[in-house]
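Report on the structure
Listed below are the residues making up each chain.
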Amino acid sequence: MSAAGRPLGRGGPRMADDWVERVRGANDIVEVVGQVVQLRRVGRNWTGLCPFHKEKSPSFSVNPDRQFYHCFGCKAGGDVFRFVQETEKVEFLEAVELLSRRAGIPVPERRAGERAVRTPLLDALEQAATAYEQWLADPQRGRAVREYLESRGIVHETVRAFRLGLAPEGWENLAGRLVPRAGEEVLVQAGLAMRREGRSGVYDRFRDRLMVPLIAPGGTVVGFGARALGDESPKYLNSPETPVYHKGSFLFALEAARRSADAAGEMVVVEGYFDAIALHQAGLTHTVATSGTALTADQARLLRRAAPRVALTYDGDDAGRDAMMRSLAVLLAEGLEVVVVDLPQGEDPDTLVRRGGAEAWRARRAAGYDPVEFIQRHVLRAGGGAAAGDPRERALQAVVRLAAEVRDPIRVRLLLERASQVFGLPESVLGRAVGMQKGGQSTEAPLKAAVREQRRGESELERALLRALLHAPEQLEAARAQLSPEDFQDADCASLARWLWSGRADLPESGVEGALARELAASGAGDKNWSAEAVGAARLILERKLLQRLKERKIQLSRAPDGPDTSRLMEEVNELARTLKELSAQG
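Calculation notes
- Sequence positions are assigned chain by chain, starting from 1 and proceeding in written order.
- The predicted nature of this model means local features are confined to residues of pLDDT at least 70 and side-chain atom pairs, given and counted, to a pLDDT of 80 or more, with totals for whole chains, interfaces and linings taken over all residues.
- Derived side-chain values reflect all non-hydrogen atoms in the structure, with water molecules and hydrogen atoms excluded from consideration.
- Each helix is a run of DSSP H or I of at least 4 residues and each strand a run of E of at least 2, with the numbering of both proceeding from the N terminus.
- Contacts are residue-level and defined by heavy atoms, with any inter-residue pair within 4.5 Å sufficient.
- We get accessible surface area from the Shrake-Rupley algorithm with a probe of 1.4 Å; when it comes to residues, only the shown protein chains can shield them.
- Charge counting treats Lys and Arg as positive and Asp and Glu as negative, with His and both chain ends excluded.
- Taken as the charge centre is NZ of Lys, CZ of Arg, CG of Asp or CD of Glu, depending on the residue.
- Criterion for a disulfide: a pair of cysteine sulfur atoms within 2.5 Å.
- For every residue, the accessible area (1.4 Å probe, protein chains only) is compared with the maximum for its type, and the residue is labelled buried under 20%, exposed over 50%, or partly exposed between those bounds.
- Here, any two strands with at least 2 DSSP bridges between them count as paired.
- As a rule, the C-alpha atoms of each element are fitted with a line to give its axis, helices using only the stretch in contact, and angles between N-to-C directions run from 0 to 180 degrees.
- Only centres within 6.5 Å qualify two rings of Phe, Tyr or Trp (six-membered ring in Trp) as a pair; their planes then separate them into stacked at under 30 degrees, edge-to-face at over 60, and tilted for everything else.
- Take the buried Ala, Val, Leu, Ile, Met, Phe, Trp, Tyr and Cys residues and link them wherever side-chain atoms come within 4.5 Å; each set so joined is a nonpolar core.
- Basic side-chain nitrogens of Lys or Arg form a salt bridge, by our definition, when they fall within 4 Å of a carboxyl oxygen of Asp or Glu.

1. Structural notes on the overall build of the protein
Counting its secondary structure elements, the protein contains 24 helices and 15 strands. Looking at the protein alone, contacts between residues at least 24 apart form 62% of all its contacts between residues at least 6 apart. As displayed, the protein offers around 28300 Å² of accessible surface, 50% of which is attributable to carbon and sulfur atoms. Here the protein carries 83 positive and 82 negative side-chain charges, and the mean point of each set is 4 Å from the other.

The structure is reproduced here in structure tokens:
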């Protein structure tokens, strides 16, 4: 077994140990650390600012004689492999491989016979990436695609950094170039070519497409994503599963993103390659893409190794929000914190930063939702009508299913605390529902009963206001100034409020609003002070609305990084608290 606990080919343990020691000896720790930390020689050692915690005075020391580093501040320390593990967010074996390639030392294959399969495929994929780059750079052949990239705001430096390329029109551009060197079978296994039906020979898998190399940590090309330049379907075409590419275990742009994850404290996760490319170009280099596939547990584990928190940022449409709903359970189950960056309808990360730069994304990030908030908003926004059932019940069911997927009891408790705040139900009710869900029991009846009881209290307050306004219409203008129909949580009350707020002099005669108006108008006692009733009920609903907003802003403030958004949120929190205090004094 290797030092990482895995077999490394026919040479066995001795070969693995020899390889590790060769790599250690070929990588001077001062040179490796110096690529990340600005070092200054002090006596026999080198010192600099620690890359693992924030400090103003250097407490990080590198000993060239003993080949180790140590921080006197945060106590981080180790050898050259540990340094690469911590800075690159990789396991031991990957750290050794990275340093092995850096030193030009061949990497032993991890299983017997693997080298014979993988090496020719990786060589062919690298040659393909080079060919695609050359075709894009060709003055005539690549002109239209270069103009297309410019129209999307992608600059030449970004094209080079991501090794973007062009697969020209035609059936044998790549095959004709690589078959003499690699052979047909290698191109087919690498996902670069397909066999002709009914006759010998192969043809290019990718034709008339903008090519995006899929580059694994360490710089190895393992596949391609390809965007159609014409009307060819599908619009996006990825490499198939191969011995070197497994889409469920791959994150686009991970190599660069994990280097920035420490400073940002999180990884941004988007769906598409060009979303990630646009965010990287805007300076948001802690971004990865899922290659347009559903997020997997393997990908979540890669994210967890890079950062403790994920900012999930998919397209601002129903499909994007549905994808985020599915991703939440996967990320939370792997122990990650999640912030959902919900984009405006029709927007995606690419168009957002093209329109407003990194600041536009940061503004959306500052207004991000926690998982419970997002579920509530997503379900309410999705609607579905009466046939879909009560939206609050459906949102609670979704939260309960999500909490049941999470293994960490502390995270489950935090989820339930937040759900209690958002939905106004006791934690005990939600906790029992999670227990039932884990036990395979239906949670529909207890959640339905809890929501029905909650709605009864909300409905009574809202009906009291509407009844008072029907009896004291002179108070309607004051109520309009404080509230909107959207502040009514009971659907029937909201319908009648919309009618009254519209300014009509008559009362509705049909529909739920008509039935409710007749019931409320007939149920009031004549000797009540209806003006005072209207003022009091309006104040209580306004307090309810402001309290909910205050809770939301406090949560946003706790998640917002230092900067202008923090100051703005703090001012809003203080203003809401002052307003609530004044309202309470009036009561």
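2. A word on the state of the cysteines
By the definition in use, this model includes zero disulfides. Of all cysteine sulfurs, the one in Cys71 lies closest to Cys50, which takes part in no disulfide; the gap is 3.6 Å. Exposure remark for Cys50: the relative accessible area of 6% places this residue in the buried category. Distance from the sulfur of Cys74, which forms no disulfide, to the nearest cysteine sulfur (Cys71) is 3.7 Å. With a relative accessible area of 32%, Cys74 lands in the partly exposed category.

3. A few points about the sheet that holds strand E4 (residues 68-71)
In spatial order, the strands read E1-E2-E3-E4-E5; together these five strands make up an open sheet with antiparallel pairing. Among the strands making up the open sheet, the edge pair consists of strand E1 (40-42) and strand E5 (77-78). Pairing analysis gives four bridges linking strand E3 (residues 60-63) to E4, with the strands arranged antiparallel. The residue bridging Asn63 from the neighbouring strand is Phe68, located in E4. Strands E3, E4 and E5 of the sheet are contacted by helix H3 (residues 80-88), whose axis makes an angle of about 55 degrees with E4.

4. Some points on the environment of Val20
Note on placement: Val20 falls in helix H1 (residues 12-26). For Val20, a relative accessible area of 7% gives the class buried. Sequence separation of Val20 and Glu97 is 77 residues, and the distance between their C-alpha atoms is 9.0 Å. Ignoring anything within four residues of it in the chain, the contact list for Val20 reads Phe81, Phe92 and Val96.

5. Some words on the packing of aromatic side chains
A complete count under the given rule lists 15 aromatic pairs for this structure. With a centroid separation of 6.1 Å and an interplanar angle of 35 degrees, the aromatic rings of Phe52 and Tyr69 are classed as tilted. Residue Phe52 is located in the loop between strand E2 (45-48) and E3, and its partner Tyr69 is located in strand E4; the two are separated by 17 residues in the primary sequence. Taking relative accessible area as the criterion, Tyr69 reaches 1% and is therefore assigned buried. Their ring planes at 25 degrees and their centres at 5.9 Å tell us that Phe162 and Phe252 sit as a pair that is stacked. Highlighted residues: Phe162 in the loop between helix H7 (156-161) and strand E6 (165-167) and Phe252 in the loop between strand E11 (236-238) and helix H10 (254-264), separated in sequence by 90 residues.

6. Some remarks on the pairing of E4
Of the two faces of E4, the one lined by Tyr69 and Cys71 is fully buried and the one lined by Phe68 and His70 carries no buried residue. Between E4 and E5, which pair antiparallel in sequence order, lie five residues; one of them, Lys75, sits at a positive phi of approximately 70 degrees.

7. Overview of the nonpolar core
Counting residues in hydrophobic clusters, the biggest one holds 60 residues, and the most contacted among them are Tyr132, Leu164, Leu192, Phe224, Phe252 and Trp361. Top contributing element to this core by residue count: helix H5 (residues 114-137), with 10 residues. For Trp361, the residues in contact, after removing those within four places along its chain, are Glu266, Val268, Leu279, Leu284, Ala311, Thr313, Val341, Leu352 and Val353. In terms of nonpolar packing, the next biggest core, distinct from the first, is built from 50 residues, Ala323, Val379, Val399 and Val422 among them.

8. Here we look at the pattern of salt bridges
For the coordinates displayed, the defined rule picks out 43 salt bridges. Of the charged contacts, one joins Glu91 and Arg305 as a salt bridge, the two residues approaching to 3.8 Å between their closest N and O atoms. Residue Glu91 is located in the loop between H3 and helix H4 (92-102), and its partner Arg305 is located in helix H12 (residues 297-306); the two are separated by 214 residues in the primary sequence. The residue Arg365 makes a salt bridge to Glu266 at a minimum N-O spacing of 3.0 Å. With a gap of 99 residues between them, Arg365 in helix H14 (residues 349-366) and Glu266 in the loop between H10 and strand E12 (267-270) connect regions that are remote in the sequence. We classify Glu266 as buried; its relative accessible area is 4%.

None of the figures reported here should be taken as evidence of function without further support.
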